[in-house]
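This is what each chain is made of:
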Amino acid sequence: MPMDAVEATASSRGGVPLAELVQALGGQLEGCAARRVQRLAALADADEHGLSFVAHPRYQAQLQASRAGAVIASPALAPQVLQRPDPPPGGWAAWVVPDPYATFAAVTRWWRAHVQPRPAWRGVHPSAWIDPGARVDAEAHVGPFAVIEAGATVEAGAEIGAHAHVQARAHVGPGTRLGAHVVLGYDCRIGARGIVHGGTVIGADGFGFAPVPHEGGRRWDKIEQLGAVRIGDDVEIGANCCIDRGALGDTVLEDGVKLDNLIQIGHNVRVGRHTAMAGCVGIAGSARIGAFCTLGGGAIVLGHLELADHVHISAASVVMRSILQPGQYSGIFPIDDNRAWEKNAATLRQLHALRERLKVLERRTAP
Amino acid sequence: MPMDAVEATASSRGGVPLAELVQALGGQLEGCAARRVQRLAALADADEHGLSFVAHPRYQAQLQASRAGAVIASPALAPQVLQRPDPPPGGWAAWVVPDPYATFAAVTRWWRAHVQPRPAWRGVHPSAWIDPGARVDAEAHVGPFAVIEAGATVEAGAEIGAHAHVQARAHVGPGTRLGAHVVLGYDCRIGARGIVHGGTVIGADGFGFAPVPHEGGRRWDKIEQLGAVRIGDDVEIGANCCIDRGALGDTVLEDGVKLDNLIQIGHNVRVGRHTAMAGCVGIAGSARIGAFCTLGGGAIVLGHLELADHVHISAASVVMRSILQPGQYSGIFPIDDNRAWEKNAATLRQLHALRERLKVLERRTAP
Amino acid sequence: MPMDAVEATASSRGGVPLAELVQALGGQLEGCAARRVQRLAALADADEHGLSFVAHPRYQAQLQASRAGAVIASPALAPQVLQRPDPPPGGWAAWVVPDPYATFAAVTRWWRAHVQPRPAWRGVHPSAWIDPGARVDAEAHVGPFAVIEAGATVEAGAEIGAHAHVQARAHVGPGTRLGAHVVLGYDCRIGARGIVHGGTVIGADGFGFAPVPHEGGRRWDKIEQLGAVRIGDDVEIGANCCIDRGALGDTVLEDGVKLDNLIQIGHNVRVGRHTAMAGCVGIAGSARIGAFCTLGGGAIVLGHLELADHVHISAASVVMRSILQPGQYSGIFPIDDNRAWEKNAATLRQLHALRERLKVLERRTAP
């Protein structure tokens, strides 16, 4: 059934019964038990047909002002959901769960599965080019103009997007989706239930060259990159990222890693399980990032460094030495109006000299 | 007519009469009225057959040294154009206008339209795959191996580049051009007269996950991204950018926004009209950028922040708090030779302690 | 012969004789002359069938601990290779050369050519679309769904990847390889023996606009980009980079330039020969970078600046003024634990004031 029809149906019947959601995903329904949900929305945007969530007491003011007919809330905040002024006919509804944010995430997945399905190719598009030596499961899906080369394997439930390119001997695990224009390089592997968004290139050559004296300077002689990329299960990679193949061994992303867009992962990097990186991060070659880490947008990690598990790097910070203790680390020049910045930046260039002058003063005035 | 022939013709007839350009685009022609223009060029590169421009008095020295046969100039600078030494046969020409830079921009567009046309597909290439449920205007152009899915609409004069991918129910406004390999995600919309350069991905999933306790740390459970991207009229987006779809509502680029290459726009961001961003900028989720702003290359804006209208962020600066007053803001560590930087950076890590030592001294020496 | 068969053969015969490698690439073989090499590996990972290298005395401890059967070493370190404890049957082997790293690079290339060939298309794939007005050498290779437009030339030995797009009148030199989804824009040229990795866009429009007063602010009127991109010989460009076409003249990468992934090169930039840039670097328009320079990952160079030859910029540093003296330059905020950073960053915003207070103290306590 085409998707527009599904939406029309859902809308014409007045939305999904909230009780159906609660039954499917767990928790207690308090207040108006007959409420129906027509859309998911943030507290500020929702009307009485909307389902929203409140994850932290600091959002109490937004909750008070919200017209969301139903709100996912913790036991502590549920009374405030129900006691908002000026209730709609039938009253407010609270969906009480221990972790409202996690439940809201589950609702979005239920919604995607049942109400607002993602458009997707089913089966193999006739324009795709699949080498006879590739093995594509009968339950896999391949979009228009996709290319799958000899020796590649695509498992059941996998989706290969339009113009995507699975190179020789690469492996796509079950249920994994490669977006439009994704390149999965030869010999590279991705596990089960992964998502790779459009334009990402996995398995390009790492940046490896040997300097050789040349014309008063040096040229760079190529080091062939003989490794590959191995990606675990449940990994999501954003759009237009680059995950380079290893020089000798492999570049590795462990299970559950989540990468945002435009991220660069150099050759032979290893990223530990369930580590997440925001957009525009760059990890130089041979760095080892621990498990359960987070890197803010635009952060840079230099090559051959190590980050322990549970290390958190603030946005735009540059990691220049290994960090072996868990914690939050930052290195950001504070933004200021340009005039103030100019003065402070100019002074910063004399900072060491200022310290020396301070030492002189300390000696001179020593009591 | 193939383009080489056009160029040859223009060249053989000795270029375009300057008077024709002035008549088409406005302004006064002073000096040699018979001058012809064979090429557009910077002051330093132009010869007597070249047309150049001078936009500011600070370029007077370059103007004096320039051999450009014709120069677009303000009334104030026009005399200097004409009085340069050693004029070519017929003399120098000045094209006098109130805003030479804007007129030069108009000349480049005239040149593109009449002398040096951009190669482009006309009509629908036979290799393109267009779903029967898509609506492609008879006056639209579709390149080889492009894919247009069910429910998509492509308006008159639009150009869909080679390998571009217009997903289900997406909309391409009249006269808008999607470059090679561009992805316009399902339900996303771009207005009239837009340009999107090669490899840009519009409508990949935003980076949204809920943390769930797992194995001594936490895993990240996906939040389906149920919104889309809405782009106004006259928007230009560079190559290999990423504009993510919203989580619940939409990500929005208003009319006249200009983005350079490799820019990341997170989910639910709103960028105000006529704001421009240079290459490698990253805007994290739910940030709201005002109208008429500029962001220098590599600048980062953290999530959920607000920038007022007319805010200008210097290159590589990190916006960590909302900026509600117009102005120029910066936060850049000043570059220095490595030895000086090392000393100053080391001292910076003791800066707060230095301030405390200074306070002690101030108390000790208080008059 | 398919590649799996080649590997199987190499493995079944017990690897490549080390003597064969030495004969092919030069140097002296000391120790076990009969050793065979099954794989190339880092010192830490290699077993007795592995060939490794040691490039610097600082790796002596790793060398001592390594089980690599054969090691490429300088004359000074060769004795340590041979005298390691607990040798395998037949003993250790040292391959003695003046520059072990350069020899190791040559070994990787030999290995790629003879043992582990890169999978590649041979000839022209039947699904490619080549305009009758293009000239593709009979010895060139074109992958599936590639597009080559009118007036383009592709020289002998060149490889055009799957879905790559060579636009009108573009030129691909002999032996140059364009990866999957690469766009080589109209009129752009790349010389001999180049490599461009997947998703890179060469010849998108530079970011050029003239500001025009509009609605209380200004809009941006397009400056058509009438130049192109010229790339020399032996240039390697990583994945998902952007090299913009010039506004009037051309953007130029000279011979031997090496660019990593996700790099932005603005319009009219000129990069001197054998300069190398790590991932995520951004070079703004009209900058001139000298020869033999290096730029660390994430570095930014502002527009219209000049870098002399042999200038080295540290990772994530921002070049805000021309640098005319060779040397190493840095500008990085030192990372610290978040609490320390917050204190120091806050103090930094008062740095100029602190300097003034220090001056007061100096005057007050002057002897």
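Note that the structure is a prediction, hence the values are computed from the model and not measured. Sequence positions are assigned chain by chain, starting from 1 and proceeding in written order. Here chains are named by letter from A upward and ligands by number from 1 upward, in the order in which they appear as written. Owing to the predicted nature of the model, reporting of local features is limited to residues with pLDDT of at least 70; listing and counting of side-chain atom pairs is limited to 80 or more, with chain, interface and lining totals taken over all residues. The basis for every side-chain value is the complete set of non-hydrogen atoms in the structure, without hydrogens or water.

How should I be thinking about the overall build of chain A in this particular structure?
In this text, helices come from DSSP runs of H or I with a minimum length of four residues, and strands from runs of E with a minimum of two, each type numbered from the N-terminal end. Looking only at helices and strands, chain A features seven helices and 39 strands. Taking 2.2 N^0.38 as the reference for a compact globule, 367 residues should give roughly 21 Å; the C-alpha atoms of chain A span a radius of gyration of 27 Å, well beyond that estimate. In terms of overall dimensions, chain A has a C-alpha envelope of 80 × 80 × 35 Å along the principal axes. Taking contacts inside chain A between residues at least 6 apart in sequence as the whole, the part at least 24 apart equals 21%. Accessible surface area values rest on a Shrake-Rupley calculation with a 1.4 Å probe, where residue burial reflects the displayed protein chains alone. Summing over all exposed atoms, chain A offers an accessible surface of approximately 13300 Å²; the carbon and sulfur share of this is 52%. Counting 34 positive and 35 negative side-chain charges, chain A places the averaged centre of each group 7 Å from the other. Note on method: radius of gyration uses C-alpha positions; expected globular size equals 2.2 Å times residues raised to 0.38. Throughout, a residue-residue contact means that at least one pair of heavy atoms, one from each residue, lies within 4.5 Å. Only four residue types enter the tally: Lys and Arg on the positive side, Asp and Glu on the negative side; His and the chain ends are excluded. Charge positions are represented by NZ for Lys, CZ for Arg, CG for Asp and CD for Glu.

Mind showing me how you'd approach the side chain of Thr347(B) here?
Structurally, Thr347(B) is set in helix 6 (residues 338–348). Counting of polar contacts relies on pairs of N or O atoms within 3.5 Å, with two restrictions inside protein: one atom must be capable of donating a hydrogen and the other of accepting it, and residues adjacent in sequence are counted only when both atoms are side-chain atoms. One polar contact links Thr347(B) to His352(A), side chain to side chain, over a distance of 3.3 Å. Discounting residues that sit within four places of it in the chain, Thr347(B) has contacts with Leu351(A), His352(A), Arg355(A) and Leu354(B).

How do you make sense of the pairing of strand 22 (residues 217–222) of chain C when you look at a structure like this?
Remark: a regular strand shows side chains that alternate across the two faces of the sheet. Residue and element names in this part refer to chain C. Both strand 21 (residues 209–214) and strand 22 contribute to a ladder of six bridges, which runs antiparallel. Across the sheet, the residue bridging to Pro 213 is Arg 218, located in strand 22. Counting the residues between successive antiparallel strands, the hairpin from strand 21 to strand 22 contains two residues, one of them, Glu 215, with a positive phi of roughly 50 degrees. A strand pair is defined by DSSP finding two or more bridges across the two strands.

Just checking my understanding: could you explain the relation of the copies chain B and chain C for this structure?
Each of the two chain copies can be generated from the other by rotation about an axis followed by a shift along it. We superpose the copies by least squares over the C-alpha atoms of residues that have a pLDDT of at least 70 in both of them. The operation relating chain B to chain C is a screw motion whose rotation component is 120 degrees, with 0.0 Å of axial translation and a residual RMSD of 0.0 Å. Each copy turns onto its partner about a three-fold axis.

Would you take a moment to explain the pattern of salt bridges for this structure?
Where charged atoms from two side chains of opposite charge come close, those side chains can pair. Note on definitions: salt bridges are taken to be side-chain nitrogens of Lys or Arg within 4 Å of carboxyl oxygens of Asp or Glu. Scanning all chains against the criterion turns up 55 salt bridges over all chains. One salt bridge in this structure joins Glu356(B) and Lys359(B), with 3.7 Å as the shortest N-O distance. With Glu356(B) and Lys359(B) both in helix 7 (residues 351–364) and three residues apart, this pair spans about one turn of that helix. For Lys359(B), a relative accessible area of 27% translates into the label partly exposed. A single network of salt bridges, built from pairs that share partners, joins Arg118(A), Arg122(A) and Glu159(A). Exposure is judged per residue with a 1.4 Å probe applied to protein chains only, and the accessible area is read against the type maximum: over 50% gives exposed, under 20% gives buried, and values in between give partly exposed.

Before we go on, may I ask you to explain the UniProt feature "active site" (unreviewed entry) in chain A in this structure?
All names here are of chain A. On the UniProt side, "active site" (unreviewed entry) is annotated at positions that read His 267 here. Among the structural elements, His 267 can be located in the loop between strand 28 (264–265) and strand 29 (270–271). Setting aside residues no more than four positions away along its own chain, His 267 makes contact with Gly 206, Phe 207, Gly 208, Gln 225, Asp 244, Arg 245, Gly 246, Ala 247, Thr 251, Gly 285 and Ser 286. In terms of polar contacts, His 267 uses its side chain to reach the side chain of Gln 225, at 2.6 Å. UniProt positions are given in the numbering used here, feature names are shortened, and annotations may be inferred rather than shown by experiment.

Could you clarify how one ought to interpret the interface of chain A and chain C in this entry?
For an interface, size is often stated in terms of accessible area lost upon the parts coming together. Taken together, the contact between chain A and chain C spans 81 residues of the former and 77 residues of the latter. Of the charged contacts in the structure, one is a salt bridge between Arg109(C) and Asp221(A), with a shortest N-O distance of 4.0 Å. At the boundary of chain A and chain C, one finds 32 residue pairs in polar contact (both at pLDDT 80 or more). Of all elements in the fold, only strand 21 (209–214), strand 22 (217–222), strand 37 (318–319), strand 38 (327–330), helix 6 (338–348) and helix 7 (351–364) of chain A reach the threshold of two or more residues within the side of chain A that touches chain C. Residue classes in the side of chain A that touches chain C are distributed as 42 nonpolar, 22 polar and 17 charged. Each residue receives one of three labels: charged for Asp, Glu, Lys and Arg, nonpolar for Ala, Val, Leu, Ile, Met, Phe, Trp, Tyr, Cys and Pro, and polar for the others, Gly being one of them.

Quick question: what am I supposed to make of the interface of chain B and chain C here?
In this assembly, 77 residues from chain B lie in contact with 82 residues from chain C. For any pair of parts, buried area is found by adding up, for both, the accessible area (1.4 Å probe) each one loses once the two are put together. Between chain B and chain C, a total of about 6400 Å² is buried, with carbon and sulfur atoms accounting for 66% of that surface. Considering only the surface of chain B that becomes buried against chain C, Arg112(B), Ile335(B) and Arg349(B) emerge as the three largest contributors, covering 11% of it. Across the chain B-chain C interface, the total number found is five salt bridges. Of the charged contacts in the structure, one is a salt bridge between Glu224(C) and Arg112(B), with a shortest N-O distance of 3.2 Å. Where chain B packs against chain C, one counts 32 residue pairs in polar contact (both at pLDDT 80 or more).

Would you explain the domain arrangement of chain A in this entry?
Reported domain spans reflect what an automatic or database domain assignment gives. The domain boundaries assigned to chain A delineate domain 1 (3–114) and domain 2 (129–329). For domain 1 of chain A and domain 2 of chain A, the distance between their C-alpha centroids amounts to 37 Å.

Where do I start with the packing of helix 7 of chain B against helix 7 (residues 351–364) of chain C in this structure?
In a packed pair of helices, the relevant descriptors are the angle between the two axes and the axis-to-axis distance. Lines are fitted to the C-alpha atoms to define the axes, a helix being fitted only along its stretch in contact, and any angle between axes, read from their N-to-C directions, falls within 0 to 180 degrees. Running from amino to carboxyl end, helix 7 of chain B crosses helix 7 of chain C at an angle of 35 degrees, the nearest separation of the two axes being 11 Å. In this structure, the crossing between helix 7 of chain B and helix 7 of chain C has a hand that is left-handed. Listed contacts from helix 7 of chain C to Leu351(B), Arg355(B), Leu358(B), Lys359(B), Leu361(B) and Glu362(B) of helix 7 of chain B are Leu351(C), Leu354(C), Arg357(C), Leu358(C), Leu361(C) and Arg364(C). In this scheme the crossing of two helices becomes right-handed for a clockwise turn of the near helix relative to the far one and left-handed for an anticlockwise turn of less than a right angle.

I'm lost on the sheet that holds strand 9 (residues 135–136) of chain A in this one. Help?
Paired through backbone hydrogen bonds, the strands of a sheet run either parallel or antiparallel to each other. All names here are of chain A. Spatially, nine strands are ordered 9-12-15-18-23-26-29-32-35 in an open sheet, and the strand pairing comes out parallel. Only two strands of the sheet have a single neighbouring strand rather than two, namely strand 9 and strand 35 (306–307). With two bridges joining them, strand 18 (residues 189–190) and strand 23 (residues 229–231) adopt parallel strand pairing. Bridged to Ile 190 within strand 23 is Ile 231.

Looking at this structure, how should I read the pairing of strand 7 (residues 93–96) of chain A?
Residues and elements named next belong to chain A. Alternating positions in strand 7 separate into two faces, Ala 93 and Trp 95 on one and Ala 94 and Val 96 on the other, with burial throughout. Alignment of strand 2 (residues 28–31) against strand 7, held across four bridges, turns out to be antiparallel. Of the residues in strand 7, the one forming a bridge with Leu 29 is Trp 95.

Where do I start with helix 5 (residues 100–114) of chain B in this structure?
Helical geometry: 3.6 residues make up each α-helical turn, so side chains three or four residues apart lie on a common side. Of all 15 residues that make up helix 5 of chain B, 11 are buried, and the element is covered over most of its length. For helix 5 of chain B, the complete set of buried residues consists of Pro100(B), Ala102(B), Thr103(B), Phe104(B), Ala105(B), Ala106(B), Val107(B), Thr108(B), Trp110(B), Trp111(B) and Arg112(B).

Would you explain the environment of Val22(C) in this entry?
By secondary structure assignment, the location of Val22(C) is in helix 2 (residues 18–25). C-alpha separation for the pair Val22(C) and Ile190(C), spaced 168 residues apart in sequence, amounts to 34 Å.

I'm lost on the packing of aromatic side chains in this one. Help?
The relation between two aromatic rings is expressed through the spacing of the ring centres and the mutual angle of the planes. Stacked, edge-to-face and tilted are the three classes for Phe, Tyr and Trp ring pairs, Trp counted by its six-membered ring, which pair at centre distances within 6.5 Å; planes under 30 degrees apart are stacked, over 60 edge-to-face, the rest tilted. Within this structure, the stated rule accounts for 18 aromatic pairs over all chains. A network of ring pairs unites the aromatic residues Phe53(A), Tyr101(A) and Phe104(A) as a single cluster. Here, over-ring charges are defined by two tests on the NZ atom of lysine or the CZ atom of arginine: distance to the ring centre within 6 Å, and angle to the ring normal within 35 degrees. Against the face of Tyr186(A) rests Arg245(A), its NZ or CZ located 3.6 Å from the ring centre. Arg84(C) extends its terminal NZ or CZ atom over the ring of Trp92(C), reaching a point 3.7 Å from the ring centre.

Where do I start with the confidence of the model for chain A in this structure?
The predicted coordinates of low-pLDDT regions are not to be read in fine detail. Residues and elements named next belong to chain A. Here chain A averages 95 in pLDDT, and 96% of its residues register 70 or above. pLDDT runs from 0 to 100 and stands for how confident the predictor is about each residue. Here residues 1–10 is a poorly scored stretch, pLDDT under 50, and it has 11 contacts once near neighbours within four places are set aside; other chains count. As scored by the predictor, the complex reaches a pTM of 0.96 and an ipTM of 0.96.

What exactly am I supposed to notice about the sheet that holds strand 14 (residues 165–166) of chain A here?
All names here are of chain A. With parallel pairing, the 10 strands of this open sheet are ordered in space as 8-11-14-17-20-25-28-31-34-37. Lying at the two open borders of the sheet, with one neighbouring strand each, are strand 8 (129–130) and strand 37. Bridge count for strand 25 (residues 242–243) against strand 28 is two bridges, and the pairing is parallel. Bridge pairing in strand 28 links Ile 243 to Ile 265.

So what exactly am I meant to see when it comes to the side chain of Arg355(A) here?
Looking at the secondary structure, you find Arg355(A) in helix 7. Of the polar contacts made by the side chain of Arg355(A), one reaches the side chain of Gln350(B); its length is 3.3 Å. In this structure, Arg355(A) is in contact with Thr347(B), Gln350(B) and Leu354(B), ignoring residues within four places of it in sequence.

For this particular structure, what's the right way to read the state of the cysteines?
Two cysteines form a disulfide when their sulfur atoms are joined by a covalent bond. Cysteine sulfur atoms that come within 2.5 Å of each other are treated as a disulfide pair. Scanning all chains against the criterion turns up zero disulfides over all chains. Take Cys293(B): it sits in no disulfide, and the sulfur closest to it among the cysteines is that of Cys241(B), at 18 Å. Looking at Cys280(C), it has no disulfide partner, and the nearest cysteine sulfur is the one in Cys280(B), 7.9 Å off.

For this particular structure, what's the right way to read unusual backbone geometry?
Among all residues except glycine, the phi angle is most often negative; among peptide bonds, the trans geometry is most common. Of note, Leu262(A) is a non-glycine position whose phi angle comes to about 55 degrees, a positive value. Residue position: Leu262(A) is located in the loop between strand 27 (258–259) and strand 28.

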